[in-house]
Amino acid sequence: MIVVTGASGQVGGRVAKLLHRPHALLVRDPAKLDQTEKTVKVADYSDTSAMTQALQGAETLFLVSGREHPDRLRQHKSAIDAAVQAQVQRIVYLSFAGAAKDCTFTFGRDHWHTERYIRETELAFTFLRDNMYLEMIPRLADERKVIKGPAGDGRVAAVSYDDVAAAVVAVLDDPATHDGKTYTLTGPEAFTLHEAAEILGLTYVPETVEEAYASRAHYGAPDFEVAGWVTSYQAIANGELAEVTQDVQTLTGRRPKELRGL
């Protein structure tokens, strides 16, 4: 059996609908699900005991990263510990492109540490590192249809939710053949935010890093969250999200969606 986490989210929900192999859905809040015909398990990543119980009998855990949180890495470790205790055979983890100990995008560092923690277990694993989500690009614009951020002329190979979910399902359909592998999931092209704005009928206004922090101060968001927002643009500027791969097409047999196709 496969346990799919994040089943009420954009990727996990799509995976749950596409996956035909026996599986259960694991969520924090079952009220958010619209797939009541499925087996639903309820647990929070941070509750190791509840997670262990929820994972009993599972062969494969599809682990979607938790929401941005200052303790997200600890939550991930708790979920991984639960998988070990429940004697799950493998973890298929949805990571992030360019994940590294010192990558610019601060949230990407959580993914690197999570990958490392999984590697330290005796579980088989597959890492699917997705780029920024294609659907998020138009959502970067404010109410005046302006995208502001310190991305400069850097490029981003954003990938759609649908293509990520299809790639995940391709791995879950025959997980043993993907053990030990890392895939980087991207769209078919890397574009600048200038180019994206032109395609979408928006305007892109580059900011300095200082301007970016100042322009977001009015949201009153925690410092770690604001840093994540700003450093996502910086990662683009630094070329860390520009790599285009064939991994989506290799896994799914189809060309991934372009920004023009949204």
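Rules used throughout
- Residues numbered from 1 in each chain as written.
- Predicted model: local features only at pLDDT ≥ 70, side-chain atom pairs only at ≥ 80, totals over all residues.
- Heavy atoms only, no water.
- Helix = DSSP H or I, 4+ residues; strand = E, 2+ residues; numbered from the N terminus.
- Rg over C-alpha atoms; globule rule 2.2 N^0.38 Å.
- Contact = heavy atoms within 4.5 Å.
- Areas by Shrake-Rupley, 256 points an atom, 1.4 Å probe, with all protein chains shown as cover.
- Lys, Arg positive; Asp, Glu negative; His and termini not counted.
- Charge placed at Lys NZ, Arg CZ, Asp CG, Glu CD.
- Buried < 20%, exposed > 50% of the residue type's maximum accessible area, 1.4 Å probe, protein only.
- Pairing = 2+ DSSP bridges.
- Axes fitted to C-alpha atoms, helices over the stretch in contact; angles between N-to-C directions.
- Salt bridge = Lys/Arg side-chain N within 4 Å of Asp/Glu carboxyl O.
- Expected span 1.5 Å × (residues − 1).
- Core = buried A, V, L, I, M, F, W, Y, C linked by side-chain atoms within 4.5 Å.
- Polar contact = N/O pair within 3.5 Å; in protein donor to acceptor, adjacent residues only side chain to side chain.

A. Main features of the overall build of the chain. What the chain contains, in helices and strands, is 9 helices and 9 strands. Scaling as 2.2 N^0.38, a compact globule of 262 residues should have a C-alpha radius of gyration of about 18 Å, and the chain matches this with 18 Å. Its C-alpha atoms give the chain principal-axis dimensions of roughly 50 × 40 × 35 Å. At a minimum sequence separation of 6, the contacts of the chain that also span at least 24 residues come to 73%. A total of about 12,000 Å² of accessible surface is found on the chain, and carbon and sulfur atoms cover 46% of it. One finds the centroid of the 28 positive side-chain charges in the chain at a distance of 2 Å from the centroid of its 36 negative side-chain charges.

B. Inspection of unusual backbone geometry at higher detail. The residue Gln87 is not glycine, and still its phi comes out positive at about 60 degrees. With respect to the secondary-structure elements, Gln87 resides in the loop between α3 (72–85) and β5 (90–96). With a relative accessible area of 68%, Gln87 lands in the exposed category. Phi angles above zero are rare outside glycine, and Lys145 is one such case at about 65 degrees. With respect to the element layout, Lys145 can be found in the loop between β6 (124–130) and β7 (146–149). Look at Lys145 and you get exposed, because its relative accessible area is 54%.

C. Fine view of the sheet that holds strand β2 (residues 23–27). Across the sheet, 7 strands lie side by side as β3-β2-β1-β4-β5-β6-β8; this open sheet has parallel pairing. The sheet is open, and its two borders are formed by β3 (39–42) and β8 (182–185), each paired with just one other strand. On average, each strand axis in the sheet is tilted by 20 degrees relative to the strand beside it, whichever way the strands run. Bridge count for strand β1 (residues 2–5) against β2 is 4 bridges, and the pairing is parallel. Looking across to β2, one finds that Ile2 is bridged to His23.

D. View of the pattern of salt bridges. A complete count under the given rule lists 14 salt bridges for this structure. The residue Asp110 makes a salt bridge to Arg72 at a minimum N-O spacing of 3.3 Å. In this pair, Asp110 is assigned in helix α4 (residues 106–119) and Arg72 in helix α3, connecting sequence segments 38 residues apart. Residue Arg72 is classed as buried on the basis of its relative accessible area, which comes to 2%. A salt bridge links Arg260 to Glu189, with the shortest nitrogen-to-oxygen separation between them at 3.8 Å. Remark: Glu189 occurs in the loop between β8 and α6 (193–200) and Arg260 occurs in the segment after α9 (247–252); sequence separation between them is 71 residues. We classify Arg260 as exposed; its relative accessible area is 56%. When salt bridges that share partners are traced, they join Arg14, Asp162 and Lys257 into one network.

E. Structural view of α3. A rise of 1.5 Å per residue sets the reference length of α3, with its 14 residues, at 20 Å; its end C-alpha atoms lie 20 Å apart and thus fit the reference within 8%. What α3 keeps buried is the set Arg72, Leu73, Gln75, His76, Ser78, Ala79, Ile80, Ala82 and Ala83. Elements that come into contact with the buried residues of α3 comprise α2 (48–54), β4 (60–64), β5 and α4. In the stretch just after α3, Gln87 is the one whose phi turns positive, near 60 degrees.

F. Molecular detail of the nonpolar core. Val15, Leu55, Phe62, Ile91 and Leu128 are the most contacted members of the largest nonpolar core, which totals 51 residues. Sort the elements by how many residues they give to this core and helix α5 (residues 161–173) lands first, with 9 residues. Those residues in contact with Leu55 that sit more than four places away from it in its chain are Val3, Leu26, Leu61, Ala79, Ala82, Ala83, Ala86 and Val88. Of all hydrophobic cores here, the second largest spans 23 residues; its members include Ile147, Ala196, Ala197 and Tyr233.

G. Highlighting the side chain of Thr104. Positionally, Thr104 belongs in the loop between β5 and α4. Here the side chain of Thr104 touches Glu240 through a polar contact of 2.4 Å, side chain to side chain. Setting aside chain neighbours within four positions, we find Thr104 in contact with Arg109, Thr231, Gln234, Ala235, Asn238 and Glu240.

H. Layout of the environment of Leu140. The topology assignment puts Leu140 in the loop between β6 and β7. Sequence-wise, Leu140 and Thr182 are 42 residues apart; in three dimensions their C-alpha atoms are separated by 28 Å. If sequence neighbours within four positions are ignored, Leu140 has contacts with Val146, Ile147 and Tyr233.

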